[in-house]
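Geometric and topological summary
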Amino acid sequence: MRFEAMFARTATASDGDARDSSASEAAAFGVRVHCAGRDSVVGRGFTGVEIGRLALSKTKLAAALNSALNEALERARADLREKSATLKLLGAKAANLMALDLVEPSTKCDNAAATYVCDPRGLDHGELDRACREASAAVCGLGNEIAFNAVSALAELRHELFVNSAGSIISQAFAFSQGDCYIVAQTADGHQETWDVIGDQRGFETLADGSRDELSPHPDLHTFALELGKETRELAAAPALKPPDDEVVVVTDPHFNALVAHEIIGHPCEADRALKMEAAYAGRSWLLRSLAANEIGRPIGSPLLWACSDPTLAGFGHYRYDHEGTRARRKLHVEAGVFRGFLNSRATAAALGVEPNGSSRASEAWHMPLIRMSNTFFMPGASDPAAMIADVERGYYVCGNQIPSIAESRENFRISARRVYAIEHGRLGRLYRAGSLMSDSKRYFMNIDGVGNDLRLFAIPNCGKGQPMQVKRMSNGGPTLRSRARLGGG
């Protein structure tokens, strides 16, 4: 059983005026039952309830839990009947239906506290409003080129409790602070829309003072909005990229690579997607066509390419245990260009014949946990980013991510960039807007010939997955990379 209580305070300002603010509380729980049959098949049933303030009544909470437990048990029994019938019909072809009992449930007991100086529950409502309004007004002050801007901020405290019948009791708390900025600029030469996010698993202090974290430093909210406004204004005056006809050398910055890591490594490495559990609405994975035909142990990139997911690092994707009580740990996806494996839950680990690695998580307690990336990134190399550019006779420097366009199995991609600079004789030249990078995924990774030493992680606040949709926070990133690709319009 998972129980969750959450408090959130938000504020939004646009064009220098306060527009909206709110404070909200929520409480929910989810119950999962595993029901073992005589033929080693395990049926699973889940029920989730958003219970709100009824959680303050022990009588009503106990009644709701008892009702949910019975409902989850009935669903587990129904699942068991269907699996048993399928096994009887298909025999050895359905052997994976018997695999879940190979993975023992968690028996961990632990308590992980949230990290904050400024408790989101005690944050002065006016302070969040003022931070947004002053940042938005500063962006307006950049000049008439700024056609519209919106700045929002959030401070949240979430407390989760996990217990199971094997004896596990895990309490975890998380503090999130997040700042969002959206800016539109218009000049005689063009139009530009830009948006970005900063955030940490800390209190409001991270938006008020900024962060000096080694992997994910960021300015305070006011400076962040102002710098994004200056960039948007500059881009609106820049010419649109005229894509070259042929494949070119591209150097990509850590911010751009965050979205490549998210779409081309992170999602395809989620084992539920790889095992086609969400093929009907979200696609499959280019890393696993079937259990017999896949990329595990095969090269998918140059020997310079390494990638992993690591929830033990600080960032939006940090946690100590997943929602099955499995201890979180680093999972290496790509080792010297060779694909090593997936993020998994207890069920998908059993199907793949590997150990669970603590990647089963839900956005809220009433949702069924899915396999989600955490802090997923390309790992750093030894090269100086400036030297990687200086070695290019003619090419492009692609910076900042905007919008992904991804193939069904993510075997190829097109991702638009915020800024594209020409590289001529080892130096940055003209700035262009409205550019994008597109490539076959494996070809792009195989052509990597430079990996920088400047790893950075970036907050991703809105990764959607599942049906019904679950929106989850995580961090993605990487160092500067150099490869070859085609460029397109934005």
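Here, every reference points to the structure presented above.
A brief report on the enclosed structure follows. (Residues numbered from 1 in each chain as written. Predicted model: local features only at pLDDT ≥ 70, side-chain atom pairs only at ≥ 80, totals over all residues. Heavy atoms only, no water.)

**Digging into helix α5 (residues 254–266)**
Each α-helix winds once per 3.6 residues, and so residues spaced three or four apart point in a common direction. Cut-off, in case you're wondering: In this text, helices come from DSSP runs of H or I with a minimum length of four residues, and strands from runs of E with a minimum of two, each type numbered from the N-terminal end. To estimate how far a helix should reach, multiply one less than its number of residues by 1.5 Å. We define the bend at any residue as the angle between the axes fitted to the seven residues before and including it, ending there, and the seven starting there. Buried means the residue's accessible area, taken with a 1.4 Å probe over protein chains only, is under 20% of the maximum for its type, while exposed means over 50%, and partly exposed covers the values in between.
For α5, with 13 residues, the first-to-last C-alpha span of 16 Å runs short of the 18 Å given by 1.5 Å per residue. Largest kink in α5: about 30°, centred on V260. Counting buried positions along α5 yields 13 of 13 residues, so the element is predominantly enclosed.

**Some points on the pairing of strand β1 (residues 2–14)**
Quick note on the threshold: Think of it this way: DSSP has to see at least two bridges between two strands before they count as a pair.
The element β1 is extensively covered by neighbouring structure, given that 10 of its 13 residues are classed as buried. Of the pairings in the sheet, the one linking β1 to strand β5 (residues 146–163) comprises 13 bridges and is antiparallel in character. Across the sheet, residue A11 finds its bridge partner in β5, namely A153. Turn length for the β1-strand β2 (residues 17–36) hairpin, with the two strands adjacent in sequence and antiparallel, is 2 residues, and the turn residue D15 shows positive phi of about 50°.

**Considering the environment of D15**
Quick reminder of the rule: Contacts are residue-level and defined by heavy atoms, with any inter-residue pair within 4.5 Å sufficient.
Within the fold, D15 resides in the loop between β1 and β2. Remark: the alpha-carbon pair of D15 and S136, spanning 121 residues in sequence, is separated by 5.7 Å. For D15, the residues in contact, after removing those within four places along its chain, are S136, C140, A147, F148 and N149.

**Focus: the layout of surface pockets**
Picture a little ball the size of a water molecule; that probe, rolled over the atoms, points out where space is still empty. What counts is decided by this rule: The rule is simple: put a 1 Å grid over the protein atoms alone, call a set of points where a 1.4 Å probe fits but cannot get out a cavity, call an open set with protein on both sides within 12 Å along at least five of seven lines a pocket, and count a residue as lining if it has an atom within 4 Å of a point. Grid points are joined across faces, edges and corners, and a volume is the space filled by probe spheres set on the points. Basically, the charged four are Asp, Glu, Lys and Arg, the nonpolar ten are Ala, Val, Leu, Ile, Met, Phe, Trp, Tyr, Cys and Pro, and anything else, Gly included, counts as polar.
Counted as a void, the largest pocket has a volume near 890 Å³. Lining the largest pocket are 44 residues, with D196, N401, A459, I460 and P461 sitting closest to its centre. Elements represented by at least two residues in the lining of the largest pocket include exactly β6 (169–187), β7 (190–200), α4 (221–236), α5, β15 (394–406) and β20 (456–465). For the lining of the largest pocket, the element with the most residues is β20, which contributes 9 residues. Lining the second largest pocket are 27 residues, with R32, H34, N164, S165 and R346 positioned closest to its centre. Sorting the residues of the lining of the second largest pocket by element identifies β2, β3 (42–50), α1 (58–90) and β5 as the ones contributing at least two each. If one sorts the elements of the lining of the second largest pocket by residue count, β2 sits on top with 6 residues. Looking at side-chain class alone, the lining of the second largest pocket contains 15 nonpolar, 6 polar and 6 charged residues.

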